[in-house]
Amino acid sequence: MSRKLATTVALLLMGAVSSFAPMTSVPSSSQRIEDRIRPFCSTTIKNSDDDEDSSGMFDGTENMDGNWMKKSTSIDFMPSEMQNSKDDSTYMDVGINGKTFGIGDLSRRMHEALMVVASKQFPSGIPEELGDVYLLYSMDASAKEAVKVAMDSNGYTLNLGDDESMQDEGAWGQIESVTFVDSETGDIIKGEDGSTSYESFTDAIAKGGWEPGDGFSFVVREVPSRKKAMDLEALLRALDPDGTLWDEAKEKGMLLPGDDICSLKDLATDCVQRVNSAPTEAKDEFNVYRGGTSMGYNVIQRSSLLKARRNPDGSENKKTLLHVMDSLANHGCIIVDLTDEGKSPEVAETMSGMWDATESFFKQVIEGDAANTVPAMGPAEGVGSSHAMVGYASFKDGDNQFLETRINRTDGSLLPKETSSVIGDEGAKSMVDAFNIMSEVGKDIVRIATAASSDEAGAFVTVGSVVSQDDDSPSIAGLSFEEATVSGVMDEDTQPSDEDIARASILASEAATLLTEEIMDDGKPLPESANIAHDEGQVSMSPHRICRYSNGQGSKRKAKPSEIFGAHTDTTFVTIVPAAAVSGLEVYDEDSLQWYRPELNARKHAKSVDPKGEMDSKFQWHSRYLVVMPGELLQITSRNNIPASVHRVVAAPEIPRLSAPVLLRARPGTKMDVERYMGSLDKAGSLLLETNDMKMEDIHAALQSTA
């Protein structure tokens, strides 16, 4: 829902729909909380790192009797927990008025709840030495809740991540200027020692005699925060109160919030809308988003994806499944460590050979005659699809240079064959070997994601499907499924047992495995044992593309990073991009609603597992990582659980970027068999039903029609 809403708002604001009357007011999110909490004043803040102003909800005046929020101007206080894990935070200073937020009453209720729990833990009496601990927790937790509400009312949220240590008193910000206030009048009250201000909650308790129920105001500095997702439904209502724009958008064929993706046309339209709504500005490595703290940003080990790592019964491992789905569905990609943190370095050595071949090719393009040695990019013969290309091409005055290669499945050789005369036979072999490594990773990820989606849909659940020991057919008490229904042993409304559900998970994984082996084009011929109709060509539909991106040449060189290969989605199951030495791949993160550069996350992981660079003599650090992005075909097989990744390439002004993606597509001459690969047609949905029994090349072509 939020993804479609964001896309719709962006398109409206970009003028994809005709102009509309100026917006006079937008409902503030503060209207959803208690009336006594008013929103802070709005002012414009100049960000020194940007060329343009950015608006925020801040009152730049520090009024100790009121509420205010502003960006922190210095980082004098920075707990180690923040230093290690808050790359994506904006740090705020916040002033909270105790009367406005009702902190006194909140602290009393919080302390009472603590005492109920403590009395159960210590039935003979709460130890005296824990009294101040509970007071401190009540005071700190109440303050934190007030800050959360203040930030929420102004479009921000606390960014403490999943680290429990960040929840501790003093770890989430620097407390100062604590004053006691009358909860009714807001007047400042002196503490027991006669002071009117304390530098910490600990001092307020020990010196001032604070008790639960006493109101207090305070200032907290260096609070890690991040902008939260807009209340987009409210914004849409404000933009279009009478529904005129909504109706006009529907006439233009746009998908709007609440619309399901029900057809291939809808899917193509949705991808185009998401691409068009993505921002075009680019940031350098120091300011771009590098990922957050959720599981989906973590690097996954190659071995975790293998079929051999499934559960003993053949179902998918839940931890791996959740990691893959979180990464792909919420963040648009997953980072894979091919070496399992250095345990299997030989794979990275193979990938390093591919990088050497890529560098050699483009060096000879620039310094030699390689561009004329290999054929110009054109349709590849023997594939069975007009969308398959092979050869060399250069665009944008040489800023974008590509060599599209493919595998000849009859002998495993690299096409175009002239490539070997440029990079040598060993270089060509390293390209083929790298393709095989990447395609196997891609197939495992598609297996897991497709199985997870089928399992969630209950596509293989059959009540009473547990197989008896005496017969291979589904039975209940010795009766077939149909006999059991007729005899009354089971009725049609009977709920599936745990055994039925477990068996469905196994079948979902087995069916998804068939899909990856039969209709994903890994450059190999289908085995003779494959029991499906197929008419594949001798050349793979899945290209291995080596690329060189630069940010202008000579006097045309741009001074800042720029989008050199624009935002798009791929008609693939997955696109596998080996992490490059020069970062530049950016994925639009559906969770944080901003461009995410996963190669920087991979670089961070490499430094953590090999801080001294001891493996550098064996292979380049980046040779061990793959960034895997979902394509439009996986959006289909995942039942729209995983949107096709919107991604682009940003080029830095200093150094050209080399890249070598594999686009894993469908095998020509095969058909989508929903029941075979994804279970019951009753659970398929209209999009899957449309693709059922379609040739894979026809599905591919249908997704190009509106792109």
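What you see is a predicted model, and the numbers here were worked out from it, not measured in a lab.

Here is what the cut-offs are and how they apply
Residues numbered from 1 in each chain as written. Predicted model: local features only at pLDDT ≥ 70, side-chain atom pairs only at ≥ 80, totals over all residues. Heavy atoms only, no water. Phe/Tyr/Trp six-rings, centres within 6.5 Å; stacked < 30°, edge-to-face > 60°. Helix = DSSP H or I, 4+ residues; strand = E, 2+ residues; numbered from the N terminus. Buried < 20%, exposed > 50% of the residue type's maximum accessible area, 1.4 Å probe, protein only. Core = buried A, V, L, I, M, F, W, Y, C linked by side-chain atoms within 4.5 Å. Salt bridge = Lys/Arg side-chain N within 4 Å of Asp/Glu carboxyl O. Polar contact = N/O pair within 3.5 Å; in protein donor to acceptor, adjacent residues only side chain to side chain. Contact = heavy atoms within 4.5 Å. Pairing = 2+ DSSP bridges. Axes fitted to C-alpha atoms, helices over the stretch in contact; angles between N-to-C directions. Parallel < 35°, antiparallel > 145°, perpendicular 65-115°, else oblique. Left-handed = near helix turned anticlockwise from the far one by under 90°. Nonpolar A, V, L, I, M, F, W, Y, C, P; charged D, E, K, R; others polar. pLDDT = per-residue confidence, 0-100. Expected span 1.5 Å × (residues − 1). Bend = angle between axes of the 7 residues up to and from the residue.

Novice: What is the right way to look at the packing of aromatic side chains in this model?
Specialist: For the structure on display, the rule yields 16 aromatic pairs. Taken together, a centroid distance of 5.8 Å and an interplanar angle of 75 degrees make the contact between Phe402 and Phe565 edge-to-face. With Phe402 in strand E13 (residues 400–408) and Phe565 in strand E18 (residues 562–568), this residue pair connects regions lying 163 residues apart in the sequence. The class of Phe402 is buried, set by a relative accessible area of 5%.

Novice: Honestly, the nonpolar core in this entry has me stumped. Any pointers?
Specialist: Counting 74 residues, the largest nonpolar core has Phe361, Ile445, Phe573, Leu626, Val628 and Ile636 as its most contacted members. Counting residues per element, this core draws most heavily on helix H13 (residues 419–457), which supplies 15 residues. Grouped together as the second largest cluster of nonpolar side chains are 30 residues, Leu135, Ala146, Val147 and Ile205 included.

Novice: Before we go on, may I ask you to explain the pattern of salt bridges in this structure?
Specialist: Oppositely charged side chains can pair when the atoms bearing their charge come close. Counted under the stated rule, the structure contains 29 salt bridges. As a salt-bridge pair, Glu404 and Arg545 come within 2.6 Å of each other at their nearest N and O atoms. Pair noted here: Glu404 is in strand E13 and Arg545 is in strand E17 (residues 544–549), with a separation of 141 residues, a long-range link. Arg545 matches Glu404 in its accessibility class, with the two residues each being buried. Of the charged contacts in the structure, one is a salt bridge between Arg667 and Glu536, with a shortest N-O distance of 2.6 Å. Of the two residues, Arg667 is situated in the loop between strand E25 (662–664) and helix H18 (674–678) and Glu536 in the loop between helix H15 (498–518) and E17; the sequence distance between them amounts to 131 residues. The class for Arg667 is buried, based on a relative accessible area of 1%.

Novice: Quick question: what am I supposed to make of the side chain of His568 here?
Specialist: Mapped onto the elements of the fold, His568 is located in strand E18. A polar contact is formed between the side chain of His568 and the side chain of Asp570, at a distance of 3.5 Å. Here His568 is in contact with Val275, Ser645, Val646 and His647, once residues within four sequence places are set aside.

Novice: What is the right way to look at the sheet that holds strand E21 (residues 594–596) in this model?
Specialist: What the four strands build is an open sheet, ordered E18-E23-E20-E21; its pairing is antiparallel. Only two strands of the sheet have a single neighbouring strand rather than two, namely E18 and E21. On average, adjacent strands in this sheet sit at an angle of 30 degrees to one another, irrespective of strand direction. Inspection of the sheet shows E18 paired to strand E23 (residues 647–651) by four bridges, in the antiparallel sense. Among the inter-strand pairings, His568 is bridged to a residue of E23, identified as His647.

Novice: Which parts of the structure should I look at to understand unusual backbone geometry?
Specialist: Negative phi characterises most residues that are not glycine, and trans characterises most peptide bonds. The residue after Leu415, namely Pro416, is reached through a cis peptide bond having omega 0 degrees. Inspection of the secondary structure assignment puts Pro416 in the loop between strand E14 (413–415) and H13. One non-glycine residue, Asp397, lies in positive phi territory at about 55 degrees. Looking at where Asp397 falls in the secondary structure, it is placed in the loop between strand E12 (389–395) and E13. With a relative accessible area of 65%, Asp397 lands in the exposed category. Phi angles above zero are rare outside glycine, and Asp693 is one such case at about 70 degrees. Inspection of the secondary structure assignment puts Asp693 in the loop between helix H19 (685–691) and helix H20 (696–704).

Novice: How should I be thinking about the packing of helix H11 (residues 345–367) against H13 in this particular structure?
Specialist: For any two helices packed against each other, the geometry comes down to the angle between their axes and how far apart the axes lie. For the pair H11 and H13, the least separation of the axes is 8 Å and the interaxial angle reads 130 degrees. Relative to H13, the element H11 lies oblique. Pair H11 / H13 crosses with left-handed handedness. Residues Val347, Thr350, Met351, Gly353, Met354, Ala357, Thr358, Ser360, Phe361 and Gln364 of H11 pack against Val422, Ile423, Gly427, Ser430, Met431, Asp433, Ala434, Ile437 and Met438 of H13. Among the residues forming the contact of H11 with H13, the class breakdown is 11 nonpolar, seven polar and one charged.

Novice: When you look at the confidence of the model for the chain in this model, what are you seeing that I'm missing?
Specialist: Averaged over every residue, the pLDDT of the chain is 81; the share at 70 or more is 77%. Confidence drops under pLDDT 50 across residues 74–87; counting only partners more than four residues distant or on other chains, this segment forms 33 contacts. Here residues 467–491 is a poorly scored stretch, pLDDT under 50, and it has 28 contacts once near neighbours within four places are set aside; other chains count.

Novice: I tried to follow H13 on my own but got confused; where do I start?
Specialist: Side chains that are three or four residues apart share a direction in an α-helix, a result of its 3.6 residues per turn. With 39 residues, H13 should reach 57 Å at 1.5 Å per residue; the first-to-last C-alpha distance of 46 Å falls well below that figure. In H13, a bend of some 90 degrees at Asp425 exceeds every other bend along the element.

Novice: Would you take a moment to explain the environment of Gln538 for this structure?
Specialist: Turning to its location among the elements, Gln538 is positioned in the loop between H15 and E17. Judged by its relative accessible area of 43%, Gln538 is partly exposed. Taking C-alpha positions, Gln538 is 9.2 Å from Asp411, a pair spaced 127 residues apart along the chain. Excluding residues that lie within four positions of it along the chain, Gln538 makes contacts with Gly382, Ile407, Asn408, Arg409 and Thr410.

Novice: Whenever I open this one, the packing of H13 against H15 confuses me. Can you help?
Specialist: Their axes nearest at 8 Å, the elements H13 and H15 cross at an angle of 140 degrees. Put simply, H13 runs oblique to H15. Crossing angle aside, the handedness with which H13 passes H15 is right-handed. On H15, the residues that touch Lys443, Val446, Arg447, Thr450, Ala451, Ser454 and Asp455 of H13 are Ala504, Ser505, Ala508, Ser509, Ala512, Thr513, Leu515 and Thr516.

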